[in-house]
Amino acid sequence: MQAPLHITASCVINNNRFIKNEQLVFEKEHATIAEFLVSAYQYFGVKYPKFYKMDSLCKMGWLATELLLKDTFDKEKYQPEETGVVLSNASSSLDADIKYFDSVKEMASPALFVYTLPNIVIGEISIYHNFKGENAFFISETFDAEFLQLYVSNLFNNNILQACICGWVEVIGAEYMTALFLIEKEIHPQINQTVIPFTNENLNKIYQLHNG
């Protein structure tokens, strides 16, 4: 019998708000997506100059991961190969693709071209945190909690991963929605204050609660 898996933290970004474990952490009303993301970066006090070079999708996923892991994840308990990242969205890297296409009309921008693949956000997260486990980026029309739950559970059940960040990171123009989940086998009472079973029902519940 496989050990049960747990959602030990969640982070949702929508409507100019950052929400962790159902608690509002940061909000900036009446801001563009660019203003909102930079303000959140400054508010969280993270020092990573490369952030300013990222496209919106990478900024969104990277910031969500920072909040997801803050005071929640004990990285020292895992080897780099034991922590992975599995993400999905509907529009791939279309937001960066459009901006790159517009730049080609005058002079193609290598800085934009770098971000014309959706899995670059996984690379940014993994490099910063030294995660070297399984990673994948899937494209689906809508948030598919059942698929994510089955895919990630399979990685755990086959002892490929011991911890995983999974979820949805979508940015297209001014529209965005991010919902990330930290999945672990072990519960660490001293840091895991909010723990719920890793089920597609619970994934959907958290996603839908803030998607509006």
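Anything mentioned here points back to the structure above.
Because the structure is a prediction, the values reported are computed rather than measured.

A.B. asks: Report on the pattern of salt bridges, specifying residues and quantitative values.
C.D. replies: The tally for this structure, following the rule as stated, stands at two salt bridges. Here E124 and K50 are joined by a salt bridge, their closest N and O atoms 3.3 Å apart. Within this pair, whereas E124 is found in helix α5 (residues 120-129), its partner K50 is found in the loop between α1 (33-44) and α2 (56-69), the two being separated by 74 residues in sequence. One salt bridge in this structure joins K70 and D71, with 4.0 Å as the shortest N-O distance.

A.B. asks: For the nonpolar core, give the residues involved together with the corresponding values.
C.D. replies: Ranked by size, the top nonpolar core spans 41 residues in total, and within it F18, W62 and L63 carry the most contacts. Breaking this core down by element, the ones donating at least two residues are β1 (6-14), α1, α2, β4 (83-89), α5, β6 (163-172) and β7 (175-184). Among the elements that take part in this core, α2 stands out by supplying nine residues, more than any other. Sequence-distant contacts of L63, that is, excluding residues within four places in its chain, are made with F18, L37, A40, Y41, F44 and F51. Core analysis: the next-biggest nonpolar cluster, separate from the first, contains 23 residues, I7, V152, L155 and I183 among them.

A.B. asks: Now, about the packing of aromatic side chains: what can you tell me, with residues and values included?
C.D. replies: Applying the stated rule across the entire model yields 25 aromatic pairs. Seen in terms of ring centroids, F26 and F36 are 6.2 Å apart; in terms of plane orientation they differ by 25°. Their pairing is stacked. Residue F26 is found in strand β3 (residues 23-27), and its partner F36 is found in helix α1; the two are separated by ten residues along the sequence. Between F36 and Y176 the ring centres are 5.9 Å apart and the planes differ by 20°, which places this aromatic pair in the stacked class. Of this pair, F36 sits in helix α1 while Y176 is found in strand β7, placing the two residues 140 residues apart along the sequence. For Y176, a relative accessible area of 9% puts it in the buried group. Three or more aromatic residues joined by ring pairs make a cluster, and in this case those are F18, F26, F36, Y43, F44 and Y176. In this structure, K59 is placed above the aromatic ring of F51, and the distance from its NZ or CZ to the ring centre is 5.4 Å.

A.B. asks: Give a detailed account of unusual backbone geometry, specifying residues and quantitative values.
C.D. replies: One non-glycine residue, N16, lies in the positive phi region at around 60°. Notably, D71 is not glycine yet its phi reads approximately 60°, a positive angle. Within the element layout of this structure, D71 appears in the loop between α2 and β4.

A.B. asks: I'd like a rundown of α5, residues and numbers included.
C.D. replies: Considered for burial, the residues of α5 that qualify are V121, I122, E124, I125, S126 and H129. In the core, the buried residues of α5 are packed alongside α2, β4 and β5 (135-139). Backbone geometry just after α5 places N130 at a positive phi near 60°.

A.B. asks: Lay out the pairing of β4 with the relevant residues and their values.
C.D. replies: The element β4 is extensively covered by neighbouring structure, given that seven of its seven residues are classed as buried. Neither face of β4 is open: one carries T83, V85, L87 and N89, the other G84, V86 and S88, and all of them are buried. As judged from the six bridges shared by β4 and β6, these two strands associate in the parallel manner. Residue pairing in the sheet places S88 in a bridge with W168 of β6. Sheet topology note: the β4/β5 ladder contains five bridges and is parallel. Residue pairing in the sheet places V86 in a bridge with A136 of β5.

So, how was this worked out
Residues numbered from 1 in each chain as written. Predicted model: local features only at pLDDT ≥ 70, side-chain atom pairs only at ≥ 80, totals over all residues. Heavy atoms only, no water. Salt bridge = Lys/Arg side-chain N within 4 Å of Asp/Glu carboxyl O. Helix = DSSP H or I, 4+ residues; strand = E, 2+ residues; numbered from the N terminus. Core = buried A, V, L, I, M, F, W, Y, C linked by side-chain atoms within 4.5 Å. Buried < 20%, exposed > 50% of the residue type's maximum accessible area, 1.4 Å probe, protein only. Contact = heavy atoms within 4.5 Å. Phe/Tyr/Trp six-rings, centres within 6.5 Å; stacked < 30°, edge-to-face > 60°. Lys NZ or Arg CZ within 6 Å of the ring centre and 35° of its normal. Pairing = 2+ DSSP bridges.

So far we have only geometry, and geometry alone does not tell us how the molecule works.
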